Amino acid sequence: MMEQTQPGAARLESIRPGDALPDRELKPDNVQLFFYNAVLWNAHRIHFDAPYATEVEGYPGLVIAGPMIGDWLNQAVEEWLGEDGDLIAIEYSNRAASYIGETLVSGGSVTSVDHATGELVLEVFVKNEAGEIIAPGVARARWSTR
Amino acid sequence: MSSLLSDELLSNIGRQTSPNRELVTRREIRKYAIATGNRQARYLRGDQAPPMFHVALFWDVVELDQLSPDGVSIDALLPKFPLEKAMAGGLHIEYLQPVYPGDWLTATRTLTDIYEKEGRSGPLIFYKVDMRIENDAGEAVILEETTRILR
């Protein structure tokens, strides 16, 4: 078990359901989207071929990759945890598409915290410019004794 | 009774890919961390793989002539569904062990379920694919369940 003198333990004690994770503004551009799909080896044209995405598929622009948006939910949790805990599970869905040029915001809040076991449940989101949640998620984390 | 899902289609439940073994490298971790806008030093340095790095590690490395005109490759695990328009998908990931450069990981994907629901504007087909990622000792490292919806 953690000792009360550790800074991480003191921080855990102060966490309450409803605590907010910091918001983060995300402005992916086509270079970032290209890098992301290149590292996957994903050639789906809706992510890099603007004439194809708009004229053939009828999208308003280049489509931001769904799993990259999912990754930002993971980052929201990990940045909030810092060195104090580990992300142990996450579930999310891509509810609506978003497009290059949009500014997205990631964030979340604490749903529950067990001060004895160090287990936390967090609700996370990525919102679009209209404030609609395009990717809702639920994460589980565990406070570490590091 | 289901109207869209034939017994033949449902017989694909349980289908599995052959295991895919890949090496985790510092270079690939760094590229993934940079591309996703990660801000944590241990990932940007490539000392440890960030969450969801496995998505890149196990994306199919297809050849150019395996791509359809839209740039997508056919997923050999999936049967031909009577509905084809893909809607929102969901992911559930469990991170059981950290991943470091030098690790060899093996992923096996299984089609675990196909079912139908009535949506507001017609029938929907759901399917689930499990990906089990294990290390060379056979221990589970990451478990991922994908749910996709077709309309």
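An account of the accompanying structure is given in this report. (Residues numbered from 1 in each chain as written. Chains lettered and ligands numbered in written order. Predicted model: local features only at pLDDT ≥ 70, side-chain atom pairs only at ≥ 80, totals over all residues.)

## Thoughts on the overall build of chain B
Looking only at helices and strands, chain B features four helices and five strands. Helices and strands in chain B line up, N terminus first, as α-β-α-α-α-β-β-β-β. Counting only C-alpha atoms, chain B reaches 55 × 35 × 35 Å along its principal axes. In chain B, which comprises 151 residues, the proportion classed as buried is 23%. Here the analysis covers contacts within chain B between residues at least 6 apart in sequence; of these, 68% occur between residues at least 24 apart. (Helix = DSSP H or I, 4+ residues; strand = E, 2+ residues; numbered from the N terminus. Buried ≥ 20, exposed ≤ 12 C-beta atoms within 10 Å, placed from the backbone. Contact = placed C-beta atoms within 7 Å.)

## Quick word on helix α4 (residues 66-81) of chain A
The end-to-end C-alpha distance of α4(A), which contains 16 residues, comes to 24 Å, matching closely the 22 Å that a straight helix rising 1.5 Å per residue would cover. Looking one or two residues past α4(A), A:G82 carries a phi angle of roughly 60 degrees, positive in sign. (Expected span 1.5 Å × (residues − 1).)

## As for unusual backbone geometry
In this structure, A:W41 is a non-glycine residue whose phi angle is positive, near 75 degrees. Along the polypeptide, A:W41 turns up in the loop between α2 (30-40) and α3 (50-56). Of note in the backbone geometry, B:M52 takes a positive phi value of approximately 70 degrees without being a glycine. Positionally, B:M52 belongs in the loop between α3 (41-44) and α4 (53-57). With 24 C-beta atoms packed within 10 Å, B:M52 lands in the buried category.

## Considering the sheet that holds strand β5 (residues 140-150) of chain B
Ordered in space as β1(A)-β3(A)-β4(A)-β5(A)-β2(A)-β2(B)-β5(B)-β4(B)-β3(B)-β1(B), the ten strands form an open sheet in which the pairing is antiparallel. Taken across any chain shown, the strands that pair with only one partner, and hence form the sheet edges, are β1 (20-26) of chain A together with β1 (20-23) of chain B. Going across the sheet, the axis of each strand differs from the next one's by a mean of 20 degrees, ignoring polarity. Pairing geometry for strand β3 (residues 104-119) of chain B and strand β4 (residues 122-135) of chain B, over 14 bridges, is antiparallel. Note on β4(B): the bridge partner recorded for B:E118 is B:P123. (Pairing = 2+ DSSP bridges. Axes fitted to C-alpha atoms, helices over the stretch in contact; angles between N-to-C directions.)

## Looking at α2(A)
Residue and element names in this part refer to chain A. Every buried residue belonging to α2 is among Y36, N37, V39 and L40, and all of these are buried. Projected down its long axis, α2 carries its buried residues within an arc of 160 degrees, all on one side. Looking at the residues trailing α2, positive phi occurs at W41, about 75 degrees. (Arc of directions from axis to C-beta.)

## What to know about the interface of chain B and chain A
On the side of chain A, 29 residues touch chain B, which itself brings 27 residues to the contact. If you list the elements that add at least two residues to the side of chain B that touches chain A, you get α2 (26-35), α4 and β2 (86-95) of chain B. Here the side of chain B that touches chain A gets eight residues from one element, more than from any other, and that element is β2(B). Among the residues forming the side of chain B that touches chain A, the class breakdown is 15 nonpolar, eight polar and four charged. Pairing between strand β2 (residues 85-93) of chain A and β2(B): five bridges, direction antiparallel. Looking at β2(B), one finds that A:E91 is bridged to B:H92. (Nonpolar A, V, L, I, M, F, W, Y, C, P; charged D, E, K, R; others polar.)

## Thoughts on the pairing of strand β4 (residues 119-127) of chain A
Residues and elements named next belong to chain A. Note that strand β3 (residues 104-114) and β4 share nine bridges and pair antiparallel. In the sheet register, V113 faces β4, and the bridge partner there is L120. Hairpin connection, β3 to β4: the antiparallel pair is bridged by four residues, and G118 has positive phi, about 80 degrees. Here β4 folds back onto strand β5 (residues 133-143), and the loop between the two strands holds five residues, one of which, G131, carries a positive phi near 85 degrees.

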